[in-house]
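A closer look at the structure
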Amino acid sequence: MTKNKRKYFTTTLPYVNARPHIAHAREFVQADVFSRFYQEMGFDTFLNTGTDEHGLKIFRKAQEEGLDAREYGKIQAQHFIDLAEQLNMKYDAFIRTADEKHVKAAQEFWKRCDENGCIYKKAYKIKYCVGCELEKTDSELVDGHCPDHPNQEIEIIDEENYFFKFSAFQEKLLDFYKKNPDFVKPEKRFREIISFVENSLEDFSISRVKNKMPWGVEVPNDPEQVMYVWFDALVNYISTINWPQDEENFKKWWPVVQFCGKDNLRQQTAMWQAMLMAASLPTSEMVFVNGFVTVDGQKMSKSIGNVIDPMEMIEKFGTDATRYLLVSIGSFGEDSDTSWEKLIEKYNADLANGIGNLVSRIVTLYQKTDKKLFNEEEISSRMAGSSKGEIVKLLEEGKLENILVSIKIRIAYLDGKIEERKPWELIKTDIELFEEEMAELVKVLFEIALMIKPFMPKTSEKIQKSLINKEKINLFPRFLEK
RNA sequence: CGCGGGGUGGAGCAGUGGUAGCUCGUCUGGCUCAUAACCAGAAGGUUGCAGGUUCGAAUCCUGCCCCCGCAACCA
């Protein structure tokens, strides 16, 4: 298994019914930072992202805008492609579920599940409140009406759908979880899904009648039905690496390390894994589950007007600073709050006053000697082997923000060191000692530059260059506005 | 008894059994190489409440109180 050091990462595909928001951006960067870290460690990596474009919501949204669903999806997908580019996300594939290769893969996947006896057809009869757009159980109804919409009649939806035998996978899933104690991070989410699966699983509907909901992947051998959006969307993780046509490529990369939000816990860590089992394919490698991001303590909402547009962040702070800030929001797995004010504060503290100012003061001092006081190749090769154990441990727990903390500690160490040794005085009294001290400063700063590379690749390069050429740079100008 | 998350110095958060830490802010002092930046020191907490387990609890158990999501622009 370790013969080829390889890692395959994927974000969850954003559903294209809205513009990208800050949490999408965070997940993109998170996956990208992981991928870059493993590249640094000599792994072959594959990074997938894309867009989920089928389903009723998209169909209606497209209608509202007077567009064909396919056309609408294409326009929306472009926003996410632009975001990925602007974030300097080095993705290897951007899969759209409307892509022909994905549609074919989803159909083949369906067939395999069907052949293995995991799909069956049955009448699907539910009580439905149009006001809520939700199924209602008898226990939820008051006098036969929805308590939230007492004036609307409950509709009975009665159609034949295909179902996935989720219930048949309870034991297998639990067994799988038991054998893979690190499958879901953080642990509390793992406990949550285990208890969900232990509580009994219900088969779920995986298709819709086509004439009611035409925008989806056609069910094989039944042109009257299309797949429920979840069923086809999840298959993207394998269709993107060319399953089933290119078995070799699939074997090269699979299984995948996934990132998702806590609202996706069931789909990614239980349903999808059961689906893979049903198709006789190996399960995912692991799943990192993020908490939610709120803005000023509230859910992001257009009506409240507190949406933070990641593109606006990039405009304001630049690509690398935005990447840094996104990773710094909260701590992994927890819900966290942010705001423009907090972002600016963090930017000033860590980037302008921290690394930016440090580079500035060291380079100015360094310019006062003609000697070259460090060997970049020596440092690079030494860094390649050192302290990786600690980083791998943090990566495996998903705690990118803790890696940033260890970088901040080094920055503070250098600021303190400069204060203590006062090189600006030494230069007047003892040039040799000055050079000795400077050598240490420059070396550690170069190490810091290498450490931040996965987070801020361009900044890393700029600092390295600045040290090699002794050129002053202003990395992160301080924000004075509120 | 719907499900889930959370309550730790002024603010935001770490910390899952062993002297309560970090960032921001505040105050005092220092420094001038630097992006009005940087450094040192200080003030500030009975860790929501009440019990319990333990030599020892923010951390485990029980009960209670309060806040926030689950109704979307979904990660």
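Residues numbered from 1 in each chain as written. Chains lettered and ligands numbered in written order. Predicted model: local features only at pLDDT ≥ 70, side-chain atom pairs only at ≥ 80, totals over all residues. Heavy atoms only, no water.

For the rest of this paragraph, the subject is the domain arrangement of chain A. Taken as a whole, chain A is organised into domain 1 (6-290) and domain 2 (340-469). The C-alpha centroid of domain 2 is placed 42 Å from the C-alpha centroid of domain 1. Contacts between domain 1 and domain 2 engage twelve residues on the former and 15 residues on the latter. Between domain 1 and domain 2, the buried area comes to about 1,300 Å², and carbon and sulfur atoms account for 73% of it. In terms of surface lost to domain 2, no three residues of domain 1 exceed F37, E40 and M41, which account for 39% of the buried area on that side. There are two salt bridges connecting domain 1 and domain 2. Note that E397 is salt-bridged to K185, the shortest N-O span being 3.2 Å. (Domains from an automatic or database assignment. Contact = heavy atoms within 4.5 Å. Buried area = accessible area lost by both parts, 1.4 Å probe. Salt bridge = Lys/Arg side-chain N within 4 Å of Asp/Glu carboxyl O.)

How two helices sit against one another is set out by the angle between their axes and by the gap between those axes. Contact geometry of helix α1 (residues 22-40) with helix α3 (residues 69-86) gives a least axis separation of 10 Å together with a crossing angle of 50°. Considered as vectors, α1 and α3 are oriented oblique to each other. In the crossing of α1 with α3, the sense of the turn from one axis to the other is right-handed. For the pair α1 and α3, the contacting residues are H24, A25 and F28 in the first and F80, L83 and A84 in the second. (Axes fitted to C-alpha atoms, helices over the stretch in contact; angles between N-to-C directions. Helix = DSSP H or I, 4+ residues; strand = E, 2+ residues; numbered from the N terminus. Parallel < 35°, antiparallel > 145°, perpendicular 65-115°, else oblique. Left-handed = near helix turned anticlockwise from the far one by under 90°.)

This brings us to the side chain of K7. As for its placement among the helices and strands, K7 is situated in strand β1 (residues 6-10). Separated by 2.8 Å, the side chains of K7 and E285 make a polar contact. Sequence-distant contacts of K7, defined by excluding residues within four places in its chain, comprise Y38, F43, D44, T45, F46, W253, V257 and E285. (Polar contact = N/O pair within 3.5 Å; in protein donor to acceptor, adjacent residues only side chain to side chain.)

What follows deals with the packing of aromatic side chains. If you walk through the whole model with that rule in mind, you get 38 aromatic pairs. Relative to F455, the ring of F37 lies with its centre 5.5 Å away and its plane at 80°, an arrangement referred to as edge-to-face. Taken together, the residues span a long stretch of sequence, with F37 in helix α1 and F455 in the loop between α18 (431-451) and α19 (457-469) at a distance of 418 residues. Judged by relative accessible area, F455 falls into the buried class, the value being 1%. (Phe/Tyr/Trp six-rings, centres within 6.5 Å; stacked < 30°, edge-to-face > 60°. Buried < 20%, exposed > 50% of the residue type's maximum accessible area, 1.4 Å probe, protein only.)

With that settled, the discussion passes to the sheet that holds strand β9 (residues 207-209). Read from one edge of the open sheet, three strands run β9-β11-β10, paired in antiparallel fashion. Each end of this open sheet is capped by a strand with a single partner; those strands are β9 and β10 (218-219). Sheet topology places β10 next to strand β11 (residues 222-227); two bridges connect them, and they run antiparallel. Bridging across to β11, V219 finds its partner in D222. (Pairing = 2+ DSSP bridges.)

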